[in-house]
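# Reading the structure
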Amino acid sequence: MNTSKTRRKVVPAVENGDSADKLDQVLLSAAICNGEDVGPFVRKAFASGKPETVLLHLRHFARSKESEIEDVCRAHYEDFITAVDDLRSLLSDVDSLKSSLSNSNSQLQSVAVPLLTTLDSFVEARNKCKNITLAIQSLRTCVQLVELCSRANRHLSENNFYMALKCVDSIEREFMNKTPSTTLRRMLEKQIPAIRSHIERKITKEFGDWLVEIRVVSRNLGQLAIGQASASRQREEELRIKQRQAEEQSRLSLRDCVYALEEEDDDGFNGISDDGKDGYSNGNNGMLGFDLTPLYRAYHINQTLGVEDRFKQYYFENRKLQLTSDFQVSSMTPFLESHQTFFAQIAGFFIVEDRVLRTGGGLVSKMEVENLWDTAMSKMCSVLEDQFSRMQTANHLLLIKDYVSLLGVTLRRYGYPVEALLDVLSKHRDKYHELLLSDCRKQITEALAADKFEQMYMKKEYEYSMNVLSFQLQTSNIMPAFPYVAPFSCTVPDCCRIVRSFIEDSVSFMSHGGQLDFYDVVKKYLDRLLTEVLDGALLKLINTSIGGVTQAMQMAANMAVFERACDFFFRHAAQLSGIPLRMAERGRRLFPLTKARDAAEEMLSGMLKQKVDGFLLLIENVNWMADDPLQNGNEYVHEVIIFLETLVSTAQQILPVQVLKRVFQDVLFHISEMIVGALLGESVKRFNVNAVMGLDVDIRMLESFAENQSPLLSEADASQLKAALAEARQLVNLLLSNHPENFLNPVIRERSYNALDYRKVVTISEKMKDQSDRLFGSFGTRGAKQNTKKKSLDALIKRLKDVN
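Residues numbered from 1 in each chain as written. Predicted model: local features only at pLDDT ≥ 70, side-chain atom pairs only at ≥ 80, totals over all residues. Heavy atoms only, no water.

### With respect to the overall build of the chain
Applicable threshold: Counting from the N terminus, the helices are DSSP H or I runs at least four residues long and the strands are E runs at least two residues long. Relative accessibility under 20% of the residue-type maximum defines a buried residue, over 50% an exposed one, and the middle range a partly exposed one, all with a 1.4 Å probe and only protein chains included. Only heavy atoms matter for contacts: two residues are in contact if any of them lie within 4.5 Å across the pair. The Shrake-Rupley method, run with a 1.4 Å probe sphere, supplies the accessible areas, and residue values consider only the shown protein chains as cover.
When helices and strands are tallied, the chain shows 29 helices and 4 strands. Out of the 804 residues belonging to the chain, those deemed buried represent 40%. Once local pairs closer than 6 in sequence are excluded, the contacts in the chain between residues at least 24 apart make up 75%. For the chain, the exposed area adds up to about 44,200 Å²; of that, 52% sits on carbon and sulfur atoms.

### Quick word on the packing of aromatic side chains
Put simply, the test is: Any pair of Phe, Tyr and Trp rings, taking the six-membered ring for Trp, is counted once the centres come within 6.5 Å. Such a pair is stacked with planes under 30 degrees apart, edge-to-face with planes over 60 apart, and tilted for the rest.
Tallied over the entire structure, the rule returns 19 aromatic pairs. Consider the rings of Y299 and F311, whose centres lie 6.1 Å apart with planes at 25°: the pair is stacked. Within this pair, whereas Y299 is found in helix α8 (residues 293-305), its partner F311 is found in helix α9 (residues 308-326), the two being separated by 12 residues in sequence. Relative to F509, the ring of Y432 lies with its centre 4.3 Å away and its plane at 5°, an arrangement referred to as stacked. With Y432 in helix α14 (residues 429-449) and F509 in helix α16 (residues 491-510), the pair connects residues that are 77 residues apart, well separated along the chain.

### Overview of the confidence of the model for the chain
Put simply, the test is: Residue-level confidence of the predictor is summarised by pLDDT, bounded by 0 at the bottom and 100 at the top.
Per-residue pLDDT for the chain averages 77, and the proportion of residues at 70 or more is 84%. Mean pLDDT in the chain bottoms out at strand β1 (residues 272-273), which sits at 36, and peaks at helix α11 (residues 366-390), which reaches 89. In the predicted structure, residues 1-17 sits below a pLDDT of 50 and forms 16 contacts with residues beyond four places in sequence or in another chain. Note that residues 252-287 has pLDDT below 50 and, in this model, 64 contacts with residues that lie over four places away or in other chains.

### Things to note about a nonpolar patch on the surface
The following threshold applies: For patch building, the residue pool is restricted to those with more than 30% relative accessible area and no salt bridge; the joining distance is 9 Å between like charges and 5 Å between nonpolar side chains (Val, Leu, Ile, Met, Phe, Trp, Tyr). Between Lys or Arg on one side and Asp or Glu on the other, a salt bridge is scored when a side-chain nitrogen of the former is within 4 Å of a carboxyl oxygen of the latter.
A cluster of nonpolar side chains, contributed by L116, L119, F122 and V123, occupies part of the molecular surface with about 360 Å² of accessible area. You can see L119 is positioned in helix α5 (residues 77-157). By relative accessible area, which is 45% here, L119 ends up partly exposed.

### Quick word on the pattern of salt bridges
Counted under the stated rule, the structure contains 24 salt bridges. Of the charged contacts in the structure, one is a salt bridge between E434 and R528, with a shortest N-O distance of 2.6 Å. Linking E434 in helix α14 with R528 in helix α17 (residues 519-545), this pair joins segments that are 94 residues apart in sequence. The partly exposed category is assigned to E434, whose relative accessible area is 37%.

### Remarks on the nonpolar core
Heads up, the rule is: Joining through side-chain atoms within 4.5 Å is the link that ties buried Ala, Val, Leu, Ile, Met, Phe, Trp, Tyr and Cys residues into a set, and such a set is a nonpolar core.
The biggest cluster of nonpolar side chains holds 198 residues, and the ones touching the most others in it are L295, F343, F350, F569, I671 and F687. With 17 residues, helix α18 (residues 549-576) is the largest single contributor of residues to this core. The contacts of F350, once residues within four sequence positions are left out, are L323, V369, L372, W373, A376, L411 and Y416. Counting residues in each nonpolar core, the second largest holds 6 residues, with L28, I32, C33 and A45 among its members.

### So, unusual backbone geometry
Residue P483 follows F482 across a cis peptide bond; omega there is 5°. Looking at where P483 falls in the secondary structure, it is placed in the loop between α15 (461-467) and β4 (484-489). A positive phi is found at F453, a non-glycine position, where the angle reads about 55°. Examined against the element boundaries, F453 turns out to sit in the loop between α14 and β3 (455-458). The phi torsion at Q472 lies on the positive side, around 55°, for a residue other than glycine. Take Q472: it is sitting in the loop between α15 and β4.

### Focus on the environment of F687
With respect to the helices and strands, the residue F687 is situated in the loop between α22 (657-680) and α23 (689-707). When its relative accessible area of 0% is taken as the criterion, F687 is described as buried.

### Overview of the environment of V549
Within the secondary structure, V549 sits in helix α18. Here the alpha-carbon distance between V549 and G606, two residues 57 residues apart in the chain, equals 9.3 Å. Each residue touching V549, except ones within four places of it in the same chain, is listed here: L604, M607, L608, K611 and L647.

### What about the pairing of β3?
Rules: The rule for pairing is simple: two strands pair if DSSP sees at least two bridges between them.
Here β3 shows a buried face lined by M456 and M458 and an unburied face lined by Q455 and Y457. In this sheet, β4 lies alongside β3 in antiparallel orientation, the contact comprising 3 bridges. Along β4, the bridge assignment pairs M458 with Y484.

### Description of helix α10 (residues 335-359)
Each α-helix turn comprises 3.6 residues. Residues three or four places apart therefore point the same way. So the rule is basically this: Expected helix span is given by 1.5 Å per residue-to-residue step, counting one fewer step than there are residues.
The end-to-end C-alpha distance of α10, which contains 25 residues, comes to 35 Å, matching closely the 36 Å that a straight helix rising 1.5 Å per residue would cover. With 18 of 25 residues buried, α10 lies mostly within the body of the structure. Taken from the residues just after α10, G361 is the one with a positive phi, measuring 65°.

### Quick word on the environment of K611
Take K611: it is sitting in helix α20 (residues 594-616). K611 sits 62 residues away from V549 along the chain, and the two C-alpha atoms are 9.3 Å apart. Setting aside residues no more than four positions away along its own chain, K611 makes contact with V549 and F643.

### Quick look at helix α25 (residues 726-735)
Extensive coverage of α25 is indicated by the burial of 8 of its 10 residues. Buried residues of α25: E727, A728, R729, Q730, L731, V732, L734 and L735, and no others. Elements in contact with the buried residues of α25: α22, α23, α26 (746-752) and α27 (758-767).

### Brief notes about the packing of α10 against α11
The criterion, for reference: Fitting a line to C-alpha atoms yields each axis, with helices limited to the stretch in contact; the angle taken between N-to-C directions then spans 0 to 180 degrees. We call two directions roughly parallel when the angle between them is under 35 degrees, roughly antiparallel when it is over 145, roughly perpendicular when it lies between 65 and 115, and oblique otherwise.
The N-to-C vectors of α10 and α11 enclose an angle of 170°; their axes lie 11 Å apart at closest approach. With respect to α11, the axis of α10 lies roughly antiparallel. Here F335, F342, F343, I346, F349, F350, E353 and L357 of α10 come into contact with α11, specifically with K366, V369, L372, W373, A376, M380, V383, L384 and Q387.

### Regarding the side chain of S405
The criterion, for reference: Here a polar contact means two N or O atoms within 3.5 Å. Within protein one must be a hydrogen donor candidate and the other an acceptor candidate, and residues neighboring in sequence count only if both atoms are side-chain atoms.
Note that S405 resides in helix α12 (residues 394-412). At 2.6 Å, the side chain of S405 and the backbone oxygen of D402 are in polar contact.

Put into structure tokens, the structure is as follows:
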């Protein structure tokens, strides 16, 4: 049995200095010996065009292995024969392969040479194409760069700075590093900073121009806004007047009167127009009309330039300096003339700042605006305190206060707190009213000094409306015939106009100042005007300028009209203060001109008493010891009654009924006192019953005069007139009484003799002389019996005195 042996790998030794072919031969031999793939060697041989070398090597290898083969063949001859057969077959295949490889190589060479030539042409063409493409791309980049530069120049020439900066940023971002031209790159590196610097200078100048312009705009803006607030207030006042009329009609139950209060739309201050260059919202106001486009453009450009914070600080500092400049009050111009400009400038400043805060995109912060407002508020309060302390004219103070209150209304609409300003106004409330009282005192004094104490003569209806209806002085709703003679003199409507102006000025100062319920304050100062100023002036006029009964009567008539006017004053104050009339009437006080009224009636009564005293001098002609009683009264009473009747016919055309009653009641009371005084006086030593009966006739005539006034007065008033003669009547009744001792009875005395003073009774009774026992014998007789009765009477009178 033949055993197979493992074939070992043979690595032939390589002698130094062998050629490359010999090395290849050795490597090929080693590969064949080791059973490795000889394909690479074959391909290399064909590729180099030397396949014979491989064939030679193979043959050499075959010869070198023949001995081994013979040995193997000897050992394995059967296998050897088979292998020889296989080898022969292999040799045949190798020859075929050799022929095939040679043919393929020839074909390959014939085909590859043209292809290689074409490939070389293709590579060259491709390199040219790449160069052309690169050139085109460079040109396109340059074209785009030039277009952007041209566009930037156009925007710069049109002052469209934002778009110019956008172009510059695009050039710097997209083309600076891509520009193939070093010349262009150097130009861009030089011009881009210059363009930005140019834009910054231009926008800074434009912003500076806007800062100058906005000061003038702010002043006009403030004046317009305050004017609109004033117009709005006027509309509100008109609505309140209509509402008061409606309430008054409703209070009077006039149900057929229908009122509809239509409130006008408030135009407001927020009509914004958004038309602006570069797409900016300029903040234009349809009515107030101010342009913030330059500001927003400058802010946006500075944002684009990356210096936003610096611009914010620059803007705030400049505006703060402008506000500080606005605080300057000129010493050359009176504040009354410059206050509107002063406050309008500040109002316009903060209206602009409010718009910038709301639409500026963070240009200013709310805290910064509040700080500016606090500074402005402190300064305005300081200026107002200083100016108010110097003012000595109420109207000037009111004008400034009214404008300041409108300023408060205007700025409150924009959310600014104005309480500090209103506190300053409230603090000077007392000073204003003191000045107003002083002005009214002068006006009232002048009006009273010009009064001629003559009834007003009105030819036209408008005069009646202006002097009577406007102050509700009419006593009837029927329009009188013209010409019309009023019961009062011109001093009444003149003073009414002064008082009404005082009320309106007081309400104007108190209203729109943050205080809602101010009627009590207005009423307090109105009371002072009436009680201190008007009442005092009238009292002085009465005490110094009344020279006759006619003037005194006219003054008393004026005071009666003033009483109706005072009711109007308080109603007018309540209406202007927004207080319902029922509340004002509920808190109505007494007539505030009582001193002047009482003095006027007192003076009239005093003058009438003087006139009456002249007639009562005739009482000295009375025969106190007459033998027979007079049937038609004494002479003095006829003169007095003629005077009184004449006086009534004149006074009833001027004096109101109640004044007439009070005056005549005082005069009749004086006549009664004078009659009793005549009996009590030293000029009458004795009188008899006939004289007393004559006095009884006199008193009956006076009582008849009083009763005859019932058509003019009421019956009750006529009875009160008659009661003014009570002392004289009761004395005469007592002297003519059959039982005069009833005077000592407290019940009878209280019922029938309550007007008599027992001391006067005793004195007068001692003067009466009569022989009859029935005629006061117990009081006037000189005997022991009479003394006893007198002592008893004195004891009773003393007891009554102790009880009283």
